[in-house]
There are 2 protein chains.
Amino acid sequence: MSPQEQAETGPQTPVQSVWTRPRAGREQPALSRDQIVAEALRLLDSDGIDALSMRKLGTRLGAGATSLYRHVANKDELIELAIDEIYGEIEIPRSTDPATWRADATGCAQSLRATMLRHPWIASVLGEMGMSYLGPNAMRLAEFLLALFTRAGLPTAEADQAASTLVAYVTGMATSEAAYLNVLARSGHTEQQYVESLWPTAEQAAESYPHLREGYAEQRGKDPRTARDENFQYGLDRVLDGLETRIIH
Amino acid sequence: MSPQEQAETGPQTPVQSVWTRPRAGREQPALSRDQIVAEALRLLDSDGIDALSMRKLGTRLGAGATSLYRHVANKDELIELAIDEIYGEIEIPRSTDPATWRADATGCAQSLRATMLRHPWIASVLGEMGMSYLGPNAMRLAEFLLALFTRAGLPTAEADQAASTLVAYVTGMATSEAAYLNVLARSGHTEQQYVESLWPTAEQAAESYPHLREGYAEQRGKDPRTARDENFQYGLDRVLDGLETRIIH
DNA sequence: CGGCGATGCGCACACTGTACGCAAGAGAGA
DNA sequence: TCTCTCTTGCGTACAGTGTGCGCATCGCCG
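So, a few notes on the structure that sits alongside this text.

Here is what the cut-offs are and how they apply
- Residues numbered from 1 in each chain as written.
- Chains lettered and ligands numbered in written order.
- Predicted model: local features only at pLDDT ≥ 70, side-chain atom pairs only at ≥ 80, totals over all residues.
- Heavy atoms only, no water.
- Near = heavy atom within 4 Å.
- Polar contact = N/O pair within 3.5 Å; in protein donor to acceptor, adjacent residues only side chain to side chain.
- Nonpolar A, V, L, I, M, F, W, Y, C, P; charged D, E, K, R; others polar.
- Contact = heavy atoms within 4.5 Å.
- Salt bridge = Lys/Arg side-chain N within 4 Å of Asp/Glu carboxyl O.
- Helix = DSSP H or I, 4+ residues; strand = E, 2+ residues; numbered from the N terminus.

Section: the protein's contact with DNA strand C
- Looking at DNA strand C, there are 21 residues lining it, with R70(A), H71(A), R55(B), Y69(B) and K75(B) nearest.
- Among atoms of DNA strand C positioned within 4 Å of the protein, sugar and phosphate together represent 44%.
- Take H71(A): an N or O atom from its side chain is 2.4 Å from a phosphate oxygen of DNA strand C.
- A class-by-class count of the residues in the surface near DNA strand C yields six nonpolar, eight polar and seven charged.

Structural notes on the interface of chain B and chain A
- Taken residue by residue, the interface counts 64 residues in chain B and 64 residues in chain A.
- Our count for the chain B to chain A interface comes out at zero salt bridges.
- Among the secondary structure elements, those contributing two or more residues to the side of chain B that touches chain A are α6 (122-125), α7 (136-151), α8 (156-187), α9 (191-205), α10 (210-219) and α11 (224-247) of chain B.
- Counting residues per element, the side of chain B that touches chain A draws most heavily on α8(B), at 19 residues.
- Looking at side-chain class alone, the side of chain B that touches chain A contains 32 nonpolar, 20 polar and twelve charged residues.

With respect to the protein's contact with DNA strand D
- In the vicinity of DNA strand D lie 21 residues, with R55(A), Y69(A), T66(B), R70(B) and H71(B) positioned nearest.
- Here a phosphate oxygen of DNA strand D sits 3.0 Å away from a polar atom, N or O, in the main chain of M54(A).
- With respect to DNA strand D, the side chain of T66(B) contributes an N or O atom lying 2.7 Å from a base oxygen.
- Partitioned by chemical class, the residues of the surface near DNA strand D number six nonpolar, eight polar and seven charged.

Have a look at this one:
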């Protein structure tokens, strides 16, 4: 008797068998918050923010959708946990030398950007998650930057402003890059192909804007990936230049 | 015979009357794309991004939900139109004097921030809308900044990078502020009340981070609104300082 | 063994975006 | 004036969504 035939006896009189009867003991190490967040991250990274639904996540974990709510208050909280998880990927220099503040800040900023671009879906949620900066990993980053600028010689209040400035620049830049990577991913093309296919539209939109047209013309033919890297680095250097004027007297 | 009684005759034999019979001629000036975007903006500004649904929007316009699709391809496109609409609110200085580039950039940056904070829901969508910078008003802003830095003496390619840097800083700062304003609005309290109620949580989260604790202690008691304004201005000045090093030789 | 708290899950509800096809008005041509 | 096409509105329907509720079952503790 196959399992199918058993199933066909109908739901009124469910026939118990090895296949249908739940095993003694929880079969899985059960569900845990960490496991849920980890799987959510996998789903987000591979398919983007729209692909994350509680049902799909539950299925992936071999669980029902509503089981997740025993470990997580709601979807937003799950996303905040995921956000802090990726904050944890940011490399924070171990240096405590005041003289290397600029190199340390540069490394941290580059790592922050790289992390955001590795998980471009965060761009879609940073704007609605007001509390994400309270997560432990986010605080670790804030503490590091605050210490860095304090060591470099700024008073506490100004060190805070300097850190905000740096983070605002990096997240601003990375957010717009990530938004672009999101639509790029949806297009299914390579970055080269996508940029090429976008040219006519962009040129038409810039028709009556001479400076924009010239800017476009100048960028055409460049490798878009390295152009993005250079743009980021240019702005980062300028921001640090600006902060440096307040550090070196 | 009241309209209700007529209605109770059932859907099989609908009784026509003055009340139920459609009027001759389109009663309304019909639906237009501009009208739809305008009403969407009202809804977004008053109730936030989650409150925008096609059905609710249709009802507000006295139309069915799916009628909107005659004028707008889908919800995302509607939001892109709304975004560009608010880009149109940004004040762009008319000056063409190279000497005032810094004042002009400051004014434009402040207006960009103010506009984003007046419509905090854009923070929730900037990260998913990759094409919003192709809208006419967004291009107008880009053209202005490009012209500004070109006039100030930068070559085209660098003027482009300078404009990106400035915009990244402003949007980064405004995005995190807007995210905060979003949760503030949901809390239903004033900013003062909200900050006060957040203190214990924040202090607990910062427990093992000495610099953060000191930073918090220093900010306590300040008016949060003016503190935000000052933080923004500080970073803006630093970013412009950094760009200035490339302009003045 | 008895019960108790923690956990998983089926069901249900209210709601979402939007594809499809019908109907009715507007304008054009005969 | 009659018809024929094009545009516009909308009712219905489908395949989802987040999540509240209550039941069944587990491991553990007395």
